[in-house]
Amino acid sequence: MGKAKVIDDPAIAILYTREPSGIRGSHVKAVVFPEEEKDVSLILKTAYKYNVPIYPQGSSTSLSGNSVPLEPGIVVSMERMNRVLEINIVDNYVVVEPGVRMEDLNAELAKYRYMFPVDPASSSVATIGGAINNGAGGLRGAKYGTMRDWLLAVRLGIADEEGSILNLGCYTVKCRSGYDLARLIVGSEGTLGIVTRAVLRITPLPEDTVYALSFFDSLEDLMEAFIEIRRSRLNPFMLEFMDSATVDYASKSLDLPYEPKGNLFLVGIETSPESNQRILDTLTSLLESHGAHTIITAHGDKEAHDKKLFAVRKNLFTGQARYTLEKEGSSGRIMVMIEDIVVPPSKVPEAVTLIRGLGEKYGFTVFIGGHIGDGNLHPAVGFNAEDEEERKRVEQWFHEVMEIALKLGGSISAEHGIGLLKKQGLRMELEYKNSLKALQLMKEIKKAFDPKGLLNPGKVL
Amino acid sequence: MNDPRARIIETAGKCLYCGFCEALCPTRPLGPHRGYGPRGRVNIAYMLAKGDVEASNHVVESLYSCLLCRACELKCPIALPIAEIIRNARGLVAEPGLKASRTHSINRVQVFARRT
Amino acid sequence: MLDVRSILRILADNIKRTGLPVPGDQGLLTSWSTGLGLSEKGDTILYTGGLYQLLPYIEEFAEYLEKLEGGKAGGLLLKAAGRLGRLANLSKIVVRPSREKLEYSRQVLVSIVELLRRAGVEIAYPGGVDSYSGVLLYDMGLDTVFVEHARRVAQKLESVGAETIVTVDPHTTHVLRKVFPQYVEGFAPIVKSYIEVLAENIDKLQFKQGDAGRVVIHDPCFYARYENIIDEPRQLLRRAGYTVVEPRRSGRMTYCCGGPVESIAPRLSRRIAETRARELDEAGGGTIVTLCPICYSNLRRAYRGLGIERDIQDLSILLYRRLGP
């Protein structure tokens, strides 16, 4: 492959053993940087021949230990394969290499007034390859779904004698070529193969948008407003929620043109110039009639940014991190563990109440925020990373939050994946659904793709 | 001034590894590895200050490819002084390097002078 | 990437020998002021820190080093030159900047002085006090050499007992205002960029009437993110009749010109500069305005490399042109 594509300096290699969850992997012998597909093929072929475990990585922004290496092996970083190869407006797809960052893709597409709508909070650095393998979602999930709704096809390298590259899926939306192996890769977390190229659906940017940021004293009122919006035909693409305690922390140190008090509810709806005002009026009166005490509206993304409608929501992680830093003092390393459950949207009110109660039981300050439009909640707890005892308690809390999700007919992970953190959770969910045999099927599938178990071993299953 | 080494350990040790800083870094998308981004540099600075890694060529390149432009700091959720960390870490590389070379260069210059 | 340690040695050695980052003498810094009739003493003094004057030399020097690093043998040569930092030959060969570049630097400084005068600011220029600020030493982590140098510079500055020191570029502004006080005990004069001083006295400035056209502003990182000087240049340009066009990334969100790593990672620097040059070009304005000699030179070179014809001017030149009779 050439010397420039391999780095074995431990100072650099260690940068590829970590992720924001605080989970740290073990040291690796080297990091390999394929620059074209044939490099990937060669890596897989060589790994197969010499039984070397390999850990494919995008930008390591995952949150469940999905891509950290676990045993001596090599990390395969896809960062240098970062070209947008084709933008096809007529056929509504793009072809990209896996290392393209999601926001960079959208910057390209914006030139054509198009977009790739999946937008995880980390989209400024998260790569397409990582998003596919993690089954990423984001703020627009309520209307646009997740990666599985937007992936058309992949070229996938597998670990066999040749390092074969397979074309899975089609360039078209309609595609019935046997089992849907392309979408099997979505959420497979690098355990089946290495994506060397992806074909993704794209969609026009909305003609116009309107937003309403509102605050409610009563959580129940907010939830009723939310249910009412679900009942209406407004079809928002964004429905964000934060509870009042979380709003207090997250808005600290922010300079805002409004007073952030109470439970936060942010609604975004795609409109047209003709429908703007009508939809905004409907939305405002709906929020008012349910007891919102503050409503700030905006027309278009720019105005929404200028009026700082997203500021508090965007500051969720920051608020959590700073709160934990303050609480844990200035010494030592802190960690923020972010849960990722999903329930049917109608069950969100119940889930929030139960999660609040659970936090009190543990004595944790739980930050509760989420993309409630699709039922996805991200309760989070920050703590001192060096405190083993506390860490165990947080893991136990994680477990109980997952139980809440299952009881309400939801799932233990919406968009962050299984990785290391939720392996037990996955088993619990399948048991709960009386389908433990599915785990066996998954293991068989893994074996069929990767008979020697070399790809991201120890994850998911 | 505080001891730069202690200051690096105190600040860089807090990095959450979220990587948001990488989005704004001009050198990250153009560099060959994570050491060309703020997340990498901050963690390299930390390891260097702790004595966990040596000032290898990769380490030196990582620290000295930084523009000190502070774009990254706009995105850091815990407001780390990233440019300060990197500048201080440069000191850990540059200062001993210079001391070592000073005696060395004097000797060499004398040799050189004698020859000419 | 060039051999960093060699460059550090050369830099430290140059400073120790001449007080400048490149081979040369004090005359480089002060010759621009000849014939301007600037007084030597006053409460408000101009301290250029030499970045505008030295940049053409730094550039030439960097290009020379890059050539040295070119071939395999060249790389060794650079390392050898680094070890033999005092090698006299090195200083003789390198520095021959073009007359045009030197003249531009002179014009910038002359314009700044005239602008300050027209704004009613009584500005003195004790030429003997002007010296290189040492900012490069600081940025490179050469703290010991920097502190020695900074003390000497501070001593000179303090010797004239000025209340306010006016600077002309973002790097010198920052190092003098925020860094010197941390390293030089008791150093506490008021430090202001000429842009701030002009903005404070904006009503005294008489500009020509009429539309001066569109200009695209490129904020330097050190003004925008270190010193929060963002509105002032815009106010001045508008007052002078220009329409200020913002590029995609501007103000606090500005994007670096790539200049700071020019002498260490020239290829990386060039690619960053090209990215920014394209972005500024696409902003849909006319002339590009820079506020820093490093940005000016790096972006200018990037346009040349890209084959894009685009007028690029220092803020002071654009403001000077619009001064009324």
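This is a predicted model, so every value here is computed, not measured.

What to know about the interface of chain B and chain A
Alright, step 1. Taken together, the contact between chain B and chain A spans 23 residues of the former and 25 residues of the latter.
Alright, step 2. Those elements that provide at least two residues to the side of chain B that touches chain A are helix 2 (38-50) and helix 3 (57-64) of chain B.
Alright, step 3. Among the elements that make up the side of chain B that touches chain A, the one with the highest residue count is helix 2 of chain B (four residues).
Alright, step 4. Grouping the constituent residues of the side of chain B that touches chain A by class yields twelve nonpolar, eight polar and three charged.

A look at the sheet that holds strand 8 (residues 151-157) of chain A
Residue and element names in this part refer to chain A.
Alright, step 1. Read from one edge to the other, the open sheet built from five strands follows the order 5-6-10-8-9, with strand pairing classed as antiparallel. Strands at the two margins of the open sheet, each flanked by one partner only, are strand 5 (84-88) and strand 9 (165-169). Taken pair by pair, the neighbouring strands of this sheet meet at an average axis angle of 15°, ignoring direction.
Alright, step 2. Where strand 5 meets strand 6 (residues 93-96), four bridges bridge the pair, whose relative direction is antiparallel. Note that in strand 6 the partner of N88 across the bridge is Y93.
Alright, step 3. This element, helix 2 (residues 37-50), spans strand 8, strand 9 and strand 10 (194-201) of the sheet and lies at about 135° to strand 10.
Alright, step 4. In this fold helix 3 (residues 102-110) packs onto strand 5 and strand 6, with an angle of close to 40° to the strand it touches most, strand 5.

A look at helix 2 of chain A
All names here are of chain A.
Alright, step 1. Under the 1.5 Å per step criterion, the end-to-end length of helix 2 is 20 Å for 14 residues, consistent within 8% with the ideal 20 Å.
Alright, step 2. Taken residue by residue, helix 2 has D39, V40, I43, L44, A47 and Y48 as its buried positions.
Alright, step 3. On its buried face, helix 2 is in contact with strand 2 (30-32), strand 3 (54-57), strand 4 (74-77), strand 8 and strand 10.
Alright, step 4. Residue N51 follows helix 2 closely and has a positive phi angle near 55°.

Focus: the domain arrangement of chain C
Residues and elements named next belong to chain C.
Alright, step 1. Assigned domains of chain C: these are domain 1 (4-199) and domain 2 (206-321).
Alright, step 2. Computed from C-alpha atoms alone, the centre-to-centre distance between domain 1 and domain 2 is 21 Å.
Alright, step 3. Tallied by class, residues from the side of domain 1 that touches domain 2 come to 14 nonpolar, six polar and seven charged.

A word on unusual backbone geometry
Trans peptide bonds make up most of the peptide bonds, and negative phi angles are found at most residues other than glycine.
Alright, step 1. Unusually for a residue other than glycine, N51 of chain A sits at a positive phi of about 55°.
Alright, step 2. Relative to the elements of secondary structure, N51 of chain A occurs in the loop between helix 2 and strand 3.
Alright, step 3. The phi dihedral of A79 of chain B falls on the positive side, at around 50°, and the residue is not glycine.
Alright, step 4. Within the secondary structure layout, A79 of chain B lies in the loop between helix 3 and helix 4 (82-115).

Topic: the nonpolar core
As a rule of thumb, nonpolar side chains are buried together in soluble globular proteins.
Alright, step 1. Of all hydrophobic cores here, the largest spans 270 residues; its most connected members are L200 of chain A together with A45 of chain B.
Alright, step 2. Apart from the residues within four sequence positions on either side, A45 of chain B is in contact with I8, A12, L63, I85, I86 and A89 of chain B.

Looking at the sheet that holds strand 1 (residues 44-46) of chain C
Residue and element names in this part refer to chain C.
Alright, step 1. Strand order across the open sheet formed by three strands is 1-2-3, with parallel pairing between neighbours. A strand with exactly one partner marks an edge of an open sheet, and here the two such strands are strand 1 and strand 3 (190-193). Neighbouring strand axes in the sheet, compared pairwise and without regard to direction, differ in orientation by 25° on average.
Alright, step 2. Here three bridges tie strand 1 to strand 2 (residues 164-167), and the two strands are oriented parallel to one another. Within strand 2, the residue paired with T44 across the bridge is T164.

Each value, and the rule that gives it
Residues numbered from 1 in each chain as written. Chains lettered and ligands numbered in written order. Predicted model: local features only at pLDDT ≥ 70, side-chain atom pairs only at ≥ 80, totals over all residues. Contact = placed C-beta atoms within 7 Å. Helix = DSSP H or I, 4+ residues; strand = E, 2+ residues; numbered from the N terminus. Nonpolar A, V, L, I, M, F, W, Y, C, P; charged D, E, K, R; others polar. Pairing = 2+ DSSP bridges. Axes fitted to C-alpha atoms, helices over the stretch in contact; angles between N-to-C directions. Expected span 1.5 Å × (residues − 1). Buried ≥ 20, exposed ≤ 12 C-beta atoms within 10 Å, placed from the backbone. Domains from an automatic or database assignment. Core = buried A, V, L, I, M, F, W, Y, C linked by C-beta atoms within 7 Å.

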